Amino acid sequence: MIRPLLALLLALPALAHGAQAAEPLGPPGVPAAAFPKPDRPVAEIVAAQWAFEAQRDKADEFGQVARLMGFKPGETVADIGAGSGYYVTRLSPLVGPQGRVLAEDVTPRYLADLEARLRKADLSNVTVVRGEPHDPRLAPASVDAAILVHMYHEITQPYGLLHNLAAAMRPGGRVGIVDADDIPSRHGTPPKLLRCELSAAGFRETGFSVLDGGVGYLAVFEAPAPDRRPDPKTITPCKDEATRGKAR
């Protein structure tokens, strides 16, 4: 009995952090190699959140985004690049017990910390999902709305991620992107460049708002139906004229 008990005790730290709990929800999508590389810098992932939660609450960041996105009880909302869980913990009560929040990320440490936070908060309608940089690995046609908050500029393969995300969206699914109006190397995405990349992936813009409190902008898009997505071979990378202009 001593050896099995010792093995169990040694495993407890990993289980307590939930490091092995987060798994993909869907089969692999189209591989990253099928898509062209973006014609822009890709910012490094440096933190699980871009600002302190108290600062974000003071600016009513989540409230502004939630109202503009029109999140409703009973919906399934995916937070792509969920990080520390700022949006996840606020989305959970908003979608209610009949809804679901999919907290997706690709960084193991963030996933483990997020699982620990969710267990402590006892949020039973949240599922933590391990994705890939080019593929959120969500189940097909399972998501009503998705948000990508202050992380679009960190996506190494945006065309692949958008293509594979579209397969997870239900008909008419809406995708909201919150980012700063700045060049990618400064952790932002110029709206013109964002619109070009989303359009190249088949997404249609339905709204754009500058958020109060200096928290960036929200651009909202409708995802294409899976059979209306552009063939990856036909996608032409959008030129990052903003970065080129700053370099002059």
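Within each chain, residues carry numbers counting from 1 in the order of the written sequence. Local features are withheld for residues below a pLDDT of 70 in this predicted model, meaning they are given only at 70 or higher, and side-chain atom pairs are given and counted only at 80 or more; totals for whole chains, interfaces and linings count all residues. Hydrogens and waters are ignored; side-chain quantities use all the structure's heavy atoms.

Chemist: Help me understand the overall build of the chain in this model?
Modeler: Counting secondary structure elements, the chain contains 8 helices and 7 strands. Scored against the burial criterion, the 248 residues of the chain give a buried share of 49%. A sequence separation of at least 24 residues applies to 77% of the contacts in the chain between residues at least 6 apart. Per-residue and other accessible areas were derived by the Shrake-Rupley procedure at a 1.4 Å probe size, with only the shown protein chains allowed to occlude residues. Here the chain displays about 12,100 Å² of accessible surface, and carbon together with sulfur accounts for 58% of that area. The secondary structure listing takes helices from DSSP runs of H or I that are at least 4 residues long and strands from runs of E that are at least 2 residues long, numbered from the N terminus. We call a residue buried when its accessible area falls under 20% of the maximum for its residue type, exposed when it is over 50%, and partly exposed in between, using a 1.4 Å probe and counting protein chains only. The criterion used for residue contact is that any of the two residues' heavy atoms lie within 4.5 Å.

Chemist: What is the right way to look at the state of the cysteines in this model?
Modeler: Among covalent bonds in proteins, the disulfide is the one between the sulfur atoms of two cysteines. Note that a disulfide, as used here, is simply two cysteine sulfur atoms within 2.5 Å. The final tally for this structure, using the stated rule, is 1 disulfide. Each sulfur of the disulfide joining Cys196 and Cys238 lies 2.1 Å from the other. Across the S-S bond linking Cys196 and Cys238, the dihedral sits near -90°, which makes this disulfide left-handed. Remark: Cys238 occurs in the loop between β7 (217-222) and α8 (241-247) and Cys196 occurs in helix α7 (residues 191-200); sequence separation between them is 42 residues. A residue is classified by how much of its surface remains accessible, and Cys196, at 35% relative accessible area, is partly exposed.

Chemist: For this particular structure, what's the right way to read the environment of Gly176?
Modeler: Note that Gly176 resides in strand β5 (residues 169-179). As for Gly176 and Leu218, which are separated by 42 residues in sequence, their C-alpha atoms are 6.4 Å apart. Filtering out sequence-adjacent residues up to four positions away, Gly176 remains in contact with Met69, Ala146, Ile147, Leu148, Leu218, Ala219 and Val220.

Chemist: Would you mind showing me how to read the side chain of Thr76 here?
Modeler: Structurally, Thr76 is set in strand β1 (residues 76-80). Excluding its chain neighbours within four sequence positions, the residues that come into contact with Thr76 are Arg100, Leu102, Ser142, Val143, Asp144, Ala145 and Arg170.

Chemist: Just checking my understanding: could you explain the packing of aromatic side chains for this structure?
Modeler: One pair of aromatic rings is described through two measures. These are the centre distance and the angle between the planes. Two aromatic rings, drawn from Phe, Tyr or Trp (for Trp, its six-membered ring), form a pair once their centres lie within 6.5 Å of each other, and the interplanar angle then sorts them: stacked below 30 degrees, edge-to-face above 60, tilted otherwise. This structure, assessed with the given rule, holds 3 aromatic pairs. With 5.4 Å between their ring centres and 75° between their planes, Tyr86 and Tyr87 make a pair best called edge-to-face. A relative accessible area of 2% means that Tyr86 is categorised as buried. One aromatic cluster is present, built from ring pairs that chain together Phe62, Tyr86 and Tyr87. For a ring to carry a charge above it, either NZ of a lysine or CZ of an arginine must fall within 6 Å of the ring centroid while also lying within 35 degrees of the normal to the ring plane. The lysine or arginine in question, Arg56, covers the ring of Tyr86, its NZ or CZ lying 4.1 Å from the ring centre. The aromatic ring of Phe208 is capped on one face by Arg195, whose charged end is 4.6 Å from the ring centroid.

Chemist: Just checking my understanding: could you explain the pairing of strand β6 (residues 204-210) for this structure?
Modeler: Two faces, one strand: in a regular strand the side chains alternate between the faces of the sheet. As judged from the 6 bridges shared by β6 and β7, these two strands associate in the antiparallel manner. Across the sheet, residue Ser209 finds its bridge partner in β7, namely Leu218. In this analysis, strands are considered paired if DSSP registers two or more bridges between them. Linking β6 back to β7 in an antiparallel pair, the connection comprises 6 residues, with Gly213 at a positive phi of about 85°.

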